[in-house]
Amino acid sequence: MIGKIPKVKTKDLLSVTDFSKEEMIAIFEYTKKMKDELNQGKTHNFLEGKTLGMIFEKTSTRTRVSFEVAMFQLGGYALFLSRDDIQLGRGETVGDTARVLSRYLDGIMIRCYAHATALELAENATIPVINGLTDTFHPCQALADFYTIYERNKNFKNEKLAFVGDGNNVAQSLMLTAAMLGVNFALACPKGYYPAKNVVEMAFSIASKSGSVITLTGDIAMAVEQATYLYTDVWVSMGQEKEASRRRKDFAKYKITMKILDKCAPNCKVMHCLPAHRGEEITDEVIDSPQSIVLDQAENRLHVQKAILCALMVK
Ligand code: CP
Ligand code: NVA
């Protein structure tokens, strides 16, 4: 039997830090049970009759499909709301949108540019709001990624995640999650691309209690030493298209190649949130190598988000 849906204190999931470490582990345990049972053909209609609205200001493959399929598998319904197809795109306020949608829906997932938009939506909505990526954070990605590691090593002992690339939304959420779970985390990136100061301070403060070692450096060899997981993401995130040529120059040295992978711990796994710009931040040889677990990560978005949806939406 699957057991009780984990209880969480937060109404919304805007950052991984909205969960406690214990809640995060409970979500992982529940994810594992639901995933195992799904593979045995069992169904979980925990969100029957419930509807999730999905607001997208930016494009998406994984987030859109995994949330939509998650709601379907849970017996509920998902509504795709492109920003330009709703009045939000014509200037209706975020607050009014939140208050109105709260009268129809049981939850909202939002992918938007400014993190402040997701915060404002959550403040004004009486229903749970889930961050499906902002310029600042990508909590569902980080939770799926650490669940992917959890599946391989339940207590995360002796794991080190090295992120080579931009200190962006994905890197910031990974750094905070690593700090919470006591996993060592190193980021190698060029000057000017480090994570935001307030996020770094938060990560260091959390790490001082969990015992995780956080390293921020420009030195790739130092970051990847002893790494059991090597992670990268695009150099040009959604919304940064105008900076593309400068970024390509600045990040040129930070491409993940076999030479870099060989500097990590033996049999180090390769991670990427996808979509990848093959040949840019990562070579085909690395992303297609037997050490790559990028498809497990993508699949686990579905399973983890199902547990998150249940924890937030089942009363
Ligand atoms: N990793 C991720 O969020 O992918 P999409 O942009 O396709 O949703
Ligand atoms: N950092 C990337 C992640 C895409 C899933 C972006 O924001 O575009």
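Report follows, based on the coordinates. By convention here, each chain's residues receive numbers from 1 onward along its written sequence. Just so you know, chain letters begin at A and ligand numbers begin at 1, following the order they were written in. In view of the model being predicted, local features appear only for residues whose pLDDT reaches at least 70, and side-chain atom pairs are presented and counted only at 80 or more, with totals across whole chains, interfaces and linings using the full set of residues. Think of the side-chain values as coming from all heavy atoms in the structure, minus any hydrogens and water.

Let us look at the sheet that holds strand β6 (residues 184-188). Pairing between strands is defined by DSSP: at least two bridges between them are needed. Strands are runs of DSSP state E lasting at least two residues, helices are runs of H or I lasting at least four, and both sets are numbered from the N terminus onward. Overall, parallel pairing links the five strands, which are arranged β7-β6-β5-β8-β9 in an open sheet. Single-partner strands in this sheet number two, and they are β7 (214-217) and β9 (269-272). When the angles between neighbouring strand axes are averaged without regard to direction, this sheet yields 20°. Pairing of strand β5 (residues 160-164) with strand β8 (residues 229-232), which is carried by three bridges, proceeds in the parallel orientation. Looking at β8, one finds that F163 is bridged to Y231. Here, two residues are considered to be in contact whenever any of their heavy atoms come within 4.5 Å of each other. An axis is simply a line fitted to the C-alpha atoms; with a helix, the fit covers only the stretch in contact. Between two such axes, the angle follows the N-to-C directions and lies from 0 to 180 degrees. Together, β8 and β9 form the strand contacts of helix α12 (residues 294-313), whose direction differs from that of β9 by roughly 50°.

In this text, near means that some heavy atom of the residue lies within 4 Å of the molecule or strand in question. Neighbouring residues of ligand 2: L133, N168, N169, V170, D233, V234, S237, M238 and L274. In the analysis that follows, any N or O atom pair within 3.5 Å is treated as a polar contact, provided that within protein one partner can donate a hydrogen and the other can accept it, and provided that, for residues neighboring in sequence, both atoms belong to side chains. Interatomic distance of 2.7 Å between a side-chain N/O atom of D233 and a nitrogen atom of ligand 2. Within the side chain of S237, a nitrogen or oxygen atom sits 2.7 Å from a nitrogen atom of ligand 2. Considering ligand 2 on its own, with 270 Å² of exposed area, one finds that the protein chains cover 95% of that surface. Only protein atoms enter the 1 Å grid used here. Points where a 1.4 Å probe fits but cannot escape make up a cavity, open sets with protein on both sides within 12 Å along at least five of seven lines make up a pocket, and a residue lines them when an atom lies within 4 Å of a point. Throughout, a molecule is located in a cavity or pocket provided that more than half of its atoms lie within 2 Å of its grid points. Judged by the proximity of its atoms to the pocket grid, ligand 2 belongs to the largest pocket. Broken down by class, the residue content of the shell around ligand 2 amounts to five nonpolar, three polar and one charged. For accessible areas, the Shrake-Rupley method is used with a probe of radius 1.4 Å. Any residue's cover is judged against the shown protein chains and nothing else. Gly is placed with the polar residues, together with every amino acid not listed as nonpolar (Ala, Val, Leu, Ile, Met, Phe, Trp, Tyr, Cys and Pro) or charged (Asp, Glu, Lys and Arg).

This brings us to the site of ligand 1. Taken together, S60, T61, R62, T63, R111, H138, Q141, C273, L274 and R301 make up the full set of residues near ligand 1. The contact in question runs from an oxygen atom of ligand 1 to an N or O atom on the side chain of S60, over 2.6 Å. Between L274 and ligand 1, the recorded distance is 2.8 Å, taken from a backbone N or O atom to a nitrogen atom. Protein contacts shield 96% of the accessible area of ligand 1, which totals 260 Å² for the unbound molecule. Among the cavities detected, the one that contains ligand 1 is the largest pocket. Here the shell around ligand 1 is composed, by residue class, of two nonpolar, five polar and three charged.

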